[in-house]
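Take a look at the letters that make up each chain.
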Amino acid sequence: MQIRSIILYSKSGEKRVLDFRLGELNIVTGTSQTGKSALLDIVDFCLGRDEATLPISPIFNTVAWYAVILQLPDTRVLAARPAPRPGAKSVTNAMFEVGNDLGIPELPDLRVNTDSTQLRQQLGRRLGIGDTRSEPAPGSLLSPLSANLGHAVLLCLQNQDEVASKRALFHRQNERGIPESLKATIPYFLGAVPEDQAALQQQLTQAKRALRRAENDLRAAQEANQGIEARLESLLGEARVHGLLTDDSVDTSDRTAVITALQQAASFRPTPDNADEEQRRQELLLTEQSSALRRQLRSLAEERQLLNDLETQAAGYTGAVARGMSRLSALNLVPDGFPGEHSCPLCGNEPDPTVADMHTTLADLRGQLDSVQTVQPRREQALREIEQTATRLREQLRGIEGALSIIAEQRNQQAGLLEQAESQAYTRGRISAYLGQIDTASDSGHLQRLESDVAVARRLVEGLEEQLDTETIDDRLTHGLSYLSGQMTGHARTLRLEHGDRLVRLDLKKLTVVADTLEGITELLRIGSGKNHVGYHVAAHLALHQYFVANTRPVPRFLMLDQPTQPYYPSDMAKQRGRLEDIALDEDRVTVTRLFELMHQVVRELSPNFQMIVSDHADLPHH
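Let us look at the structure shown here. Predicted model, so just to flag it, every value in this text is computed and none were measured.

Bringing the side chain of His 491 into the picture now. Note that His 491 resides in helix H11 (residues 470–494). Not counting chain neighbours up to four residues away, the residues in contact with His 491 comprise Ala 539, Leu 542, Ala 543, Gln 546, Leu 598 and Val 602.

Looking now at the packing of H11 against helix H12 (residues 530–550). Running from N to C, H11 and H12 cross one another at 135°; their axes reach a closest spacing of 8 Å. Regarding the angle of H11 to H12, the classification is oblique. H12 is crossed by H11, and the crossing has right-handed handedness. Facing His 479, Gly 480, Tyr 483, Leu 484, Gln 487, Met 488, His 491 and Ala 492 of H11, the residues of H12 in contact are Tyr 536, Ala 539, Ala 540, Leu 542, Ala 543, Leu 544, Gln 546, Tyr 547 and Ala 550.

In this structure, Pro 608 follows Ser 607 across a cis peptide bond, with omega equal to 5°. Here Pro 608 shows up in the loop between helix H14 (582–606) and strand E15 (611–617). A positive phi angle, near 55°, is found at Leu 511, a position not held by glycine. Considering the arrangement of structural elements, one finds Leu 511 in the loop between strand E11 (503–507) and strand E12 (512–517). With a phi close to 55°, Gln 563 is a non-glycine residue in the positive phi region. Relative to the elements of secondary structure, Gln 563 occurs in the loop between strand E14 (558–562) and helix H13 (569–576).

Turning to the environment of Val 602, a few remarks are in order. Structurally, the position occupied by Val 602 is in helix H14. When the C-alpha atoms of Val 602 and Ala 543 are compared, they prove to be 8.9 Å apart, with 59 residues separating the residues in sequence. With residues near it in sequence (within four places) discarded, Val 602 still touches His 491, Leu 542 and Gln 546.

Right, let's talk about the sheet that holds E11 for a bit. In spatial order, the strands read E11-E12-E13; together these three strands make up an open sheet with antiparallel pairing. The sheet is open, and its two edges are formed by E11 and strand E13 (520–523), each paired on a single side. Looking at each pair of strands side by side, their axes are set apart by 30° on average, direction ignored. Two elements, E12 and E13, share four bridges in a ladder whose sense is antiparallel. If you follow Thr 517 over to E13, its bridge partner there is Gly 520.

Time to look at H12. Over its 21 residues, H12 runs 30 Å from end to end, which matches the ideal 30 Å to within 8%, given 1.5 Å per residue. Of all the 21 residues making up H12, 18 are buried; the element is thus mostly covered by neighbouring parts of the structure. A positive backbone phi angle near 50° is found at Thr 552, which sits one or two residues after H12.

The subject of this paragraph is helix H4 (residues 178–189). Here H4 spans 16 Å end to end across twelve residues, near enough to the 16 Å set by a 1.5 Å rise per residue. Looking only at H4, the buried set comprises Ile 178, Ser 181, Leu 182, Thr 185, Ile 186, Pro 187, Tyr 188 and Phe 189. Note on H4: the residue one or two positions beyond its end, Gly 191, has a positive phi of about 85°.

Quick look at the sheet that holds strand E7 (residues 114–115) now. Pairing is antiparallel across the open sheet formed by six strands, whose spatial order is E2-E1-E4-E5-E6-E7. Strands with a single pairing partner mark the edges of an open sheet, and in this sheet they are strand E2 (15–19) and E7. Bridge analysis of strand E5 (residues 76–82) against strand E6 (residues 93–99) gives five bridges, and the strand direction is antiparallel. Considered in E6, the bridge of Val 77 is made with Val 98. Sheet strands touched by helix H1 (residues 38–46): strand E1 (2–10), E2, strand E4 (63–71) and E5. Its angle to E4, the strand with the most contacts, is close to 80°. Each of E4, E5, E6 and E7 is contacted by helix H2 (residues 116–127), which is oriented at about 30° to E6, the strand it contacts most.

Rules behind the numbers
- Residues numbered from 1 in each chain as written.
- Predicted model: local features only at pLDDT ≥ 70, side-chain atom pairs only at ≥ 80, totals over all residues.
- Heavy atoms only, no water.
- Helix = DSSP H or I, 4+ residues; strand = E, 2+ residues; numbered from the N terminus.
- Contact = heavy atoms within 4.5 Å.
- Axes fitted to C-alpha atoms, helices over the stretch in contact; angles between N-to-C directions.
- Parallel < 35°, antiparallel > 145°, perpendicular 65-115°, else oblique.
- Left-handed = near helix turned anticlockwise from the far one by under 90°.
- Pairing = 2+ DSSP bridges.
- Expected span 1.5 Å × (residues − 1).
- Buried < 20%, exposed > 50% of the residue type's maximum accessible area, 1.4 Å probe, protein only.

In structure tokens:
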């Protein structure tokens, strides 16, 4: 799959078409800010990338659609995407069309007929990418990964920030999840893991998971089966202590008998007691009677106090009347008709009451005293009746309080029974929970079934491992990496890179280039100068595509590089300012020429099955 054209459609209906030659080295030049670097992002976007990385500028703000026309061995494909809306971070809409004589459509002919996922799947199938799946490393939290066109495109693009990087060798390698995807899919694209073996590897992974589950189930059942007798006997003793079992004849050596007895204990239900409600009703009635008696006693006490107060008042009154009568009793010494009724018989002063008046007063006092003395027996009788009534009420109150005391004692006994019922319920719960755990573990037949499941799963894993033959896969991967190492070493020597006279190879685990030097393994990160970084990037990707073409691997047949000569800009600019000698500029010219000669040589070697597209600065010496 190569790129025939890149098309930009403006919102006004105009289109800008950039055509490329198939099977050749295409160099796109231009001054800064003319959109050269955006070509790589446009291709990445049109081939199904959802994230919008296209420039935001006056030029690209007028674009309505982006499209590429791809050339496949037997047909052409149009892959088009509508421009992201302002502020949108991703787009999933797409257009996919296939035709042998497919031309460049007009803007009104563009329409959304698929999404980015389907676009990649359709292109991937036409490219030859099968439904392969790569499993993550054991213990990894990553999901199984299916190789698709998106993974293949990572091996075909190098933007200006990547082609001269010493930390990242592949496109988007610094993004989250991309390194894992590269490590999982590069062996497939190198042919070390064919599609049929990838399917077997998926089955093997599932079989290993099933084996681990079967082994864990068997181990858990065996652990649960250990010490069951002691635990069952302990629960049996608890059931007896709490009154859940009365049968002491259970044979503790017979597990089945013990389990049956514990099941009976777990199903034990205490007999409901209906006397509690009657007891509460009786207690309420007695409490009400006790309150009524106490109110009557308080009323009698008030009446008794009132009578006692009257007695005290009557005694005082009687004493006063008696004293008055005692004084008036001297009138008996004065004869009737005594003269001097109008003056004092002794001093002759103002006349005092007459003797007749005083006799009248004395008679009145005697009458009052008789009245008081007449009431006294009735008051005493009332007091006796009150005391008798109070005594009777106290007896009744003592009887009621005695009954309430008995009820309180019964309530305490019932509280003890309630505590016992709670203990029984707790024990029943523990027995039920444990019996649920050992229900299957105690079954010897279940253990045998688990052992059989483990044996079957183990045989399946062993059979799949024999079919996969991991040594063959390792040999194929080693062969592919060895081929790449030979090509990369040759390219490094052609470009005269630092450590290029040593063995250069691709480190798949670290996704970088390493050189085996006398001092040890030297990674790209520790090799100095941007010129060496660009050289090793070009050498590695050219070697990869040489392998892909030679082995007919399902990878697009193009490689896009954005500004690979950027490390040479400073010397050219510095020379223009007169700060470097002519020899520095000449060396850069020679190195750049050597770099493009290598690209041209590889493309010519692989033509017509490989295409390179390089966007670069217009005023560089090689142009």
